[in-house]
Amino acid sequence: MNIAIDWLAFAQVFVAALLGATLVVGFYALGLRLLVRAGKAPVVAPADFTDAITVLKPKEIARAEKAAAKAAKKSPLTARQRSTALVFAYASFAMSGFAVLAGLALIVVGH
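What you are looking at is a predicted structure, and each value in this text was computed from that prediction instead of being measured.

Asks: Can you help me understand the overall build of the protein chain in this one?
Replies: Helix and strand counts for the protein chain come out as three helices and zero strands. Along the chain direction, N to C, the helices and strands of the protein chain fall in the order α-α-α. By residue count, 9% of the 111 residues in the protein chain fall in the buried class. Restricting to contacts in the protein chain with at least 6 residues of sequence separation, those with at least 24 account for 74%. Of the roughly 9,500 Å² that the protein chain leaves accessible, carbon and sulfur atoms contribute 70%.

In structure tokens, the structure reads:
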């Protein structure tokens, strides 16, 4: 039994996977950063799990929301800069989604 490995194909798949993961994560992180910079920080209510290590109480949640609102008021950006950051945040999320769809297209078409 002789097993032959196509090392060039292996390297191509490795580079493509690394590049794809970097693009998706990079664009998504940039989108989140710009979204926060635009003053539209995503707020997710904590879930109640019975075995959770830390469960936030309503008082702690209210305190965190108040601190976030106070920080948003202190933003040094003008309204135009915030709206520009918001547009680029959505564009960054779109690019992240496009990278995922391009990867899926390569899998479907290339297979």
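Asks: What is the right way to look at the packing of aromatic side chains in this model?
Replies: Two descriptors summarise a pair of aromatic rings, namely the distance from one centre to the other and the angle between the planes of the rings. Applying the stated criterion across every chain yields a total of two aromatic pairs. An angle of 80° between the planes, with centres 5.7 Å apart, marks the rings of W7 and F10 as edge-to-face. Pair noted here: W7 and F10 are both in helix α1 (residues 7-37), with a separation of three residues, about one helical turn. Residue F10 is classed as exposed on the basis of its relative accessible area, which comes to 52%.

Asks: Where do I start with the UniProt feature "transmembrane region" (unreviewed entry) in the protein chain in this structure?
Replies: The positions that UniProt labels "transmembrane region" (unreviewed entry) are, in the present scheme, residues 7-30 and 87-109. For residues 87-109, the helix share is 100%, the strand share is 0%, and the end-to-end C-alpha distance is 32 Å.

What counts, and where the lines are drawn
- Residues numbered from 1 in each chain as written.
- Predicted model: local features only at pLDDT ≥ 70, side-chain atom pairs only at ≥ 80, totals over all residues.
- Heavy atoms only, no water.
- Helix = DSSP H or I, 4+ residues; strand = E, 2+ residues; numbered from the N terminus.
- Buried < 20%, exposed > 50% of the residue type's maximum accessible area, 1.4 Å probe, protein only.
- Contact = heavy atoms within 4.5 Å.
- Areas by Shrake-Rupley, 256 points an atom, 1.4 Å probe, with all protein chains shown as cover.
- Phe/Tyr/Trp six-rings, centres within 6.5 Å; stacked < 30°, edge-to-face > 60°.
- UniProt positions renumbered as here; feature names shortened; annotations may be inferred.

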